[in-house]
Structures are given as structure tokens and as C-alpha cells.
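As a plain string of letters, each chain reads:
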Amino acid sequence: MLHLSKPGLICCAGNSAAELWDNICNYSKSFFSYVPFTSERSLYAGIIDDSSLPDSKEEYKSHLTKIHSWAIGQIEAEIEEAVSLYGKERIGVFIGTCDNGSEFSEVSYKKGEFGTGYQNHTQYPSYIPELIKARYGFGGSAVTINTACSSSAQVFIRASQMINAGIIDAAIVGGIDLTSSNVALGFDSLKSVSSEPTNPMSANRHGLTLGEAAVYFVLSKDKLNCSEIDYVLKGYGECSDAYHMTSPDPEGKGAAQAMTLALAKAGLKPADIDYVNLHGTGTRFNDSMEDIAVDAVYGSYKVPVSSTKSITGHTLGAAGALEAAVCYETILNKTTYPAQVWDGDFDPEIPKLNIIDKNNNKAIKPVKNCMSNSFAFGGSNSSLVFGVEE
């Protein structure tokens with residue numbers, strides 16, 4: 001097992017993990033706003049208000065670098081402890097992202113020219129990992145994972161493999177993504193964006209609501225002394241079913257395989273999992289296949305589940321890390337499940353899961369083990385099992 005620090009994060013529903021948890025427990029959907037992405041098209045989205053944040057420490061000031069600096073600044077003590085334990089040369093960086101730099105080029109596109117000071121590398125996927133590596137002087141690999149919506153779930157897996165292979169001793173892992181007009185209109189063209197705030201797993205669901213986030217952890221061989229709890233990555237499962245470029249396998253075989261592999265690697269049975277954070281995007285096909293897969297894996301054990309994308313929005317490349325942070329807070333607090341915001345109208349065409357909302361969010365026993373699912377375009381399926389060291 002490898003150890004995780006507390007998360008440093010920001011999203012539309014909170015400027016820290018504790019604030020996000022409070023808002024989840026308060027069962028609010030007030031964090032989505034109607035955003036004009038073009039003069040002719042507006043969509044609901046979970047945009048981060050950065051007006052109260054300090055300027056970033058990076059050379060290029062932007063919304064991206066502002067939320068990045070805010071999130072990583074929350075784990076400075078954990079980073080310093082990791083450096084003192086292992087040295088800078090033994091620490092790597094693994095970040096999941098899909099669209100972290102388009103804001104730099106969108107401004108130029110709207111003006112019709114690239115202005116003075118424009119730098120092409122600021123919109124590379126590798127921009128944030130390179131910033132982190134340079135800022136702290138780390139000597140390990142700086143890796144960008146871009147597997148769409150499973151990107152920042154994948155970073156936990158890749159970094160774990162590097163640590164277990166003895167190549168590094170610790171890593172900064174996480175994800176960051178923005179809701180640019182390119183991304184929003186792209187999903188809208190696929191008819192995947194809901195005309196109202198997302199309503200996961202409901203018979204009345206119409207699609208996803210996009211969101212933004214920056215989330216970081218320190219993953220290490222040893223428990224850090226400044227940690228609140230001994231939060232560990234117990235297991236992971238991944239597969240690629242390659243069913244379709246954008247549509248998931250309707251039978252959920254790849255999703256079920258990822259969950260089964262994660263349980264096996266963690267050495268746990270389905271009944272050992274106290275809570276599952278669903279991928280739960282709110283799209284008709286994704287919710288259906290995940291529902292079928294969860295039912296197949298957990299069977300008669302009706303594990304508590306919810307989709308916190310109903311509050312944060314779908315943060316794409318940052319989603320896996322953001323939901324790892326939700327699992328952290330769930331285990332830290334022990335007695336409350338993360339509530340899903342939805343209309344409570346179960347889809348009769350799919351198995352009925354034990355969905356947690358404001359009416360049943362009190363845990364029946366202390367939460368010790370959580371599973372988090374992330375499923376992406378191209379059939380990239382990832383499941384992570386988090387828990388406390390016992």
C-alpha cells in the first residue's frame with residue numbers, strides 16, 4: 001500500500017477539501033451557472049470564481065495558473081516533508097489533464113491575432129507538470145496523462161507503479177482542467193450536455209454538466225507525519241475495452257472488469273467496500289452501463305453509491321483526483337456518505353442501485369474503504385480503492 005497526503009483542491013463547489021465536503025453534505029446545486037460560451041450558445045457549467053484568489057507565482061498569469069497555485073499551495077507542508085524524507089531527485093510529478101491551456105489561445109483567436117507575449121508551450125498538456133517540477137526542483141519524471149475522463153485516476157496507477165518499481169519514492173499526483181468554450185461546445189455537439197443541471201442516474205437525465213478543478217496529493221512510500229489520517233491507495237484496476245471512440249460498452253464489461261481487478265489488488269471482497277463514488281456523468285449511456293456494471297460486481301450487496309458530479313460538475317481530466325478527495329473526506333468523517341443531488345426518479349430500465357441522497361446519507365457503519373470509478377472515451381476504464389491503514 002502507498003500513502004496519500006490530504007488533498008489540496010479548488011472547484012466550483014469549494015476552495016478546499018473541507019469546504020467541498022461541507023457543500024456536499026449541505027446538498028446544494030447552487031454552484032452551477034448559465035455560461036455564455038458564444039454569443040449564440042449558453043450552457044450550465046461549474047466555473048471557478050477566482051476573483052478572491054491571489055495572483056499565481058507563475059510567469060504567465062491566468063485562470064489556469066491561479067487555481068493551480070491555490071490548490072498546490074494547500075499541500076506545501078506535505079511536499080516539504082516528502083523532500084526531507086526522500087530528496088528532490090526521488091520525487092516525480094504525474095498530472096491528468098485534457099484541456100488546461102486553451103484559454104491562452106482563445107483570447108488570441110477572438111482578437112484575430114496572437115498578441116505580444118503569447119507562448120505556445122503554455123497550452124501544452126505538459127505545462128502544469130513542468131511548472132510543478134521546476135517550482136520544487138524535483139528530479140523524477142514529469143508525466144502528463146491524457147486519457148480523457150479517466151486521466152487523473154490513471155495518475156495514481158502510473159505513479160504507484162513507478163514507486164513500487166523503485167524508480168522514485170514519492171510523487172505529486174492530481175489533475176487540473178478548465179471548462180473552455182472549445183470543450184463545452186465539443187461536448188454539446190455530441191449532444192452530451194444537459195439543458196439543465198445534471199441529474200445522474202435518473203430516468204429524467206439529459207446529460208452532463210461540465211466543471212473545473214485543480215486537485216493535488218502527495219503519494220509516498222511512507223505515511224507523512226503531518227497527515228490527518230493514514231489515507232492509502234489499497235488497489236487499482238484498469239482496462240481498455242475499445243468498444244467505441246466515444247460511446248461506452250452498453251453491457252459495462254470493461255467497467256466491471258476494472259472494479260473487479262481493483263478489488264483483487266486491494267485484497268478485498270465487494271462487501272468490504274463501504275461506499276462507491278460513481279463516474280455518474282448524467283449521460284444516458286454512461287450511467288446505464290455503469291449501473292449495470294456495479295450491479296454485476298456487487299450483486300446482492302447493495303453498496304452505497306453516489307455521483308458527486310451532481311455538485312461539482314464533470315471536471316474531465318481532474319475528475320478522478322477530485323473524487324479521490326471526496327473519498328478522503330468521506331473516510332476522514334466516517335459517519336456520512338456523500339449525497340447526490342438528483343430528483344430521486346429511478347430509471348426502470350436499469351438495476352436499482354443504493355443511491356445516497358439527502359434522505360439516507362448517514363453511514364450505517366464507519367466508512368473505511370471507498371471505491372472511485374472513472375470511465376473515459378475509447379473505453380479507458382479505471383477503478384481505485386482507497387482506505388485507511390489498519
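We now examine the packing of aromatic side chains. For the structure shown, the criterion picks out 9 aromatic pairs. Ring centres 5.0 Å apart and planes at 50 degrees place the aromatic pair Y34 and Y44 in the tilted group. Residue Y34 is found in strand β3 (residues 33–36), and its partner Y44 is found in strand β4 (residues 42–46); the two are separated by 10 residues along the sequence. Look at Y34 and you get exposed, because its relative accessible area is 53%. Ring geometry for W342 and F346: centres 4.9 Å apart, planes at 85 degrees, overall edge-to-face. A relative accessible area of 8% places W342 in the buried class. Ring-pair connections join several aromatic residues into one group, and the members of that group are F156, F217, Y231, Y328 and F386. Its guanidinium or amino end placed over the ring of F346, K352 lies 4.7 Å from that ring's centre, counting from NZ or CZ.

Core analysis: the biggest nonpolar cluster contains 50 residues, and L4, F156, V173, F217, Y231 and F386 have the highest contact counts within it. No other element matches helix α11 (residues 319–333), which puts 8 residues into this core. In this view, F156 contacts L4, V173, F217, L219, L233, G320, A321, A324, L384 and F386; residues no more than four positions away in its chain are not counted. Judged by nonpolar contacts, the second largest core, of 29 residues, contains L53, L64, I176 and V218.

With respect to topology, 3 strands assemble into an open sheet ordered β3-β4-β8, the strand pairing being mixed. The open sheet has two edge strands with one neighbour each: β3 and β8 (210–211). Note: β4 against β8, 2 bridges, orientation parallel. In the sheet register, A45 faces β8, and the bridge partner there is L210.

Further remarks concern helix α6 (residues 151–164). Over its 14 residues, α6 runs 20 Å from end to end, which matches the ideal 20 Å to within 8%, given 1.5 Å per residue. Of all 14 residues making up α6, 11 are buried, and the element is well covered by its neighbours. Of all the residues in α6, the buried ones are S151, S152, A153, Q154, V155, F156, I157, A159, S160, M162 and I163. In the stretch just after α6, G166 is the one whose phi turns positive, near 80 degrees.

What follows covers helix α7 (residues 181–189). Among the residues of α7, those classed as buried are S181, V183, A184, F187 and D188. In an axial view of α7, the angular spread of the buried residues amounts to 170 degrees, which keeps them on one side of the axis. Facing away from the buried side of α7 by over 90 degrees, the exposed positions are N182 and S189. Phi turns positive one or two residues past the end of α7, at K191, with a value near 60 degrees.

Rules used in this analysis
- The residue count restarts for each chain, going from 1 along the sequence in the order it is written.
- Side-chain atom pairs in this predicted model are given and counted only at pLDDT of 80 or more, local residue features only at pLDDT of at least 70, and totals for whole chains, interfaces and linings cover all residues.
- Side-chain metrics in this entry use all non-hydrogen atoms of the structure; hydrogen atoms and water are not considered.
- Paired rings are identified among Phe, Tyr and Trp, the last through its six-membered ring, by centres lying within 6.5 Å, and are further divided according to the angle between planes into stacked (under 30 degrees), edge-to-face (over 60) and tilted (the rest).
- Secondary structure follows DSSP: runs of H or I at least 4 residues long count as helices, runs of E at least 2 residues long count as strands, and numbering of each begins at the N terminus.
- Think of it in three bands: residues with accessible area under 20% of the maximum for their type are buried, residues over 50% are exposed, and the middle band is partly exposed, with areas taken using a 1.4 Å probe on protein chains only.
- Lysine NZ or arginine CZ positioned within 6 Å of the ring centre and within 35 degrees of the ring normal marks a charge as sitting over the ring.
- We call a set of buried Ala, Val, Leu, Ile, Met, Phe, Trp, Tyr and Cys residues a nonpolar core when their side-chain atoms join them within 4.5 Å.
- By the convention used here, residues are in contact when the closest approach between their heavy atoms is within 4.5 Å.
- When DSSP finds two or more bridges between a pair of strands, those strands are recorded as paired.
- Helix span, expected: 1.5 Å multiplied by one less than the number of residues in the helix.
- What the arc covers is the set of directions going from the helix axis to the C-beta atoms.

What is shown is where atoms sit, not what they do.
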